[in-house]
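# Inside the fold
Residue-level listing of the chains:
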Amino acid sequence: QINVAEFNFEIRDVICNPDSTIVSAGIVDASSDLLNIIKWDKGGDTLWSKNIEGLSYIEELRINRSYSGGYLITASNIAFKLHDDGELEWSKRYLSDDHLIYLSSIAELPGNNLIMCGYRLNKTTNVRNLIVIQTDENGNVVWAESLSESGAYTYSEAEDIADEVL
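Structure report, in brief.

## Points about the side chain of Thr74
- By the secondary structure assignment, Thr74 is in strand β7 (residues 71–75).
- A relative accessible area of 0% places Thr74 in the buried class.

Structure, rendered in structure tokens:
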């Protein structure tokens, strides 16, 4: 955790690029809605910094490199794609009427589709189910599945939830 005079900055994930630059994803203050992405050169100097505001509580935060260039990020129920220079290419918020969605990872598939994993929390019962969402390269849902626990985590039954996730 980096302490700066007026706030706390917490790095939650980091990746290394083939050119030895580093990109970190973090939040400003634990209760903040401010996401901060920083690209560092191999000497530790900042090349660029990007703030993304207006997020709700960030429970999970992940960053991954896109095969097509740029960076893929998940923060709670939102996915982003940034260009190599840190400019926002797109962002998508994934919502459900009956569930809260928390994305914990993102990766790019061959053909540039994306796969995201996490869980959904039933707003009424507080039951958690694992979710897997496949999107196109712009974050639009292709399919989404919920894995419901059946007595133990060693067995799960998939349920199509694509029409629930917008």
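## Quick word on the sheet that holds β7
- Taken together, the four strands give an open sheet; going across it, the order is β6-β7-β8-β9, and neighbouring strands pair in antiparallel fashion. Across the chains shown, the open sheet's two edge strands, defined by having one partner strand only, are β6 (61–65) and β9 (88–93). The sheet shows a mean angle of 15 degrees between the axes of neighbouring strands, direction not considered.
- Here five bridges tie β7 to strand β8 (residues 78–82), and the two strands are oriented antiparallel to one another. Counterpart to Tyr71 in the pairing with β8 is Leu82.

## Describing the environment of His83
- Among the secondary structure elements, His83 is positioned in the loop between β8 and β9.
- In this structure the C-alpha to C-alpha distance between His83 and Tyr71, which are 12 residues apart in sequence, comes to 6.5 Å.
- Those residues in contact with His83 that lie beyond four places of it in its chain are Gly70, Tyr71, Leu88 and Glu89.
- A distance of 3.5 Å separates the side chain of His83 from the side chain of Glu89, its partner in a polar contact.

## Structural notes on unusual backbone geometry
- A positive phi angle, close to 80 degrees, is found at Asn112, a residue other than glycine.
- The topology assignment puts Asn112 in the loop between β10 (99–108) and β11 (114–122).
- For Asn126, which is not a glycine, the phi torsion comes out positive at approximately 65 degrees.
- By secondary structure assignment, the location of Asn126 is in the loop between β11 and β12 (128–135).

## Details of the packing of aromatic side chains
- All told, the structure shown has two aromatic pairs when counted by the stated rule.
- Aromatic pair Trp48 and Tyr71: ring centres 6.3 Å apart, planes at 55 degrees, arrangement tilted. Pair noted here: Trp48 is in strand β5 (residues 46–52) and Tyr71 is in strand β7, with a separation of 23 residues, a long-range link. The pair Trp48 / Tyr71 is uniform in exposure class, with both members buried.
- Aromatic pair Tyr102 and Tyr119: ring centres 5.0 Å apart, planes at 25 degrees, arrangement stacked. Taken together, the residues Tyr102 in strand β10 and Tyr119 in strand β11 connect sequence positions 17 residues apart.
- The class for Tyr102 is buried, based on a relative accessible area of 15%.

The rules we used
Residues numbered from 1 in each chain as written. Predicted model: local features only at pLDDT ≥ 70, side-chain atom pairs only at ≥ 80, totals over all residues. Heavy atoms only, no water. Helix = DSSP H or I, 4+ residues; strand = E, 2+ residues; numbered from the N terminus. Buried < 20%, exposed > 50% of the residue type's maximum accessible area, 1.4 Å probe, protein only. Pairing = 2+ DSSP bridges. Axes fitted to C-alpha atoms, helices over the stretch in contact; angles between N-to-C directions. Contact = heavy atoms within 4.5 Å. Polar contact = N/O pair within 3.5 Å; in protein donor to acceptor, adjacent residues only side chain to side chain. Phe/Tyr/Trp six-rings, centres within 6.5 Å; stacked < 30°, edge-to-face > 60°.

Interpretation note: all reported values are geometric properties and have no functional meaning in isolation.
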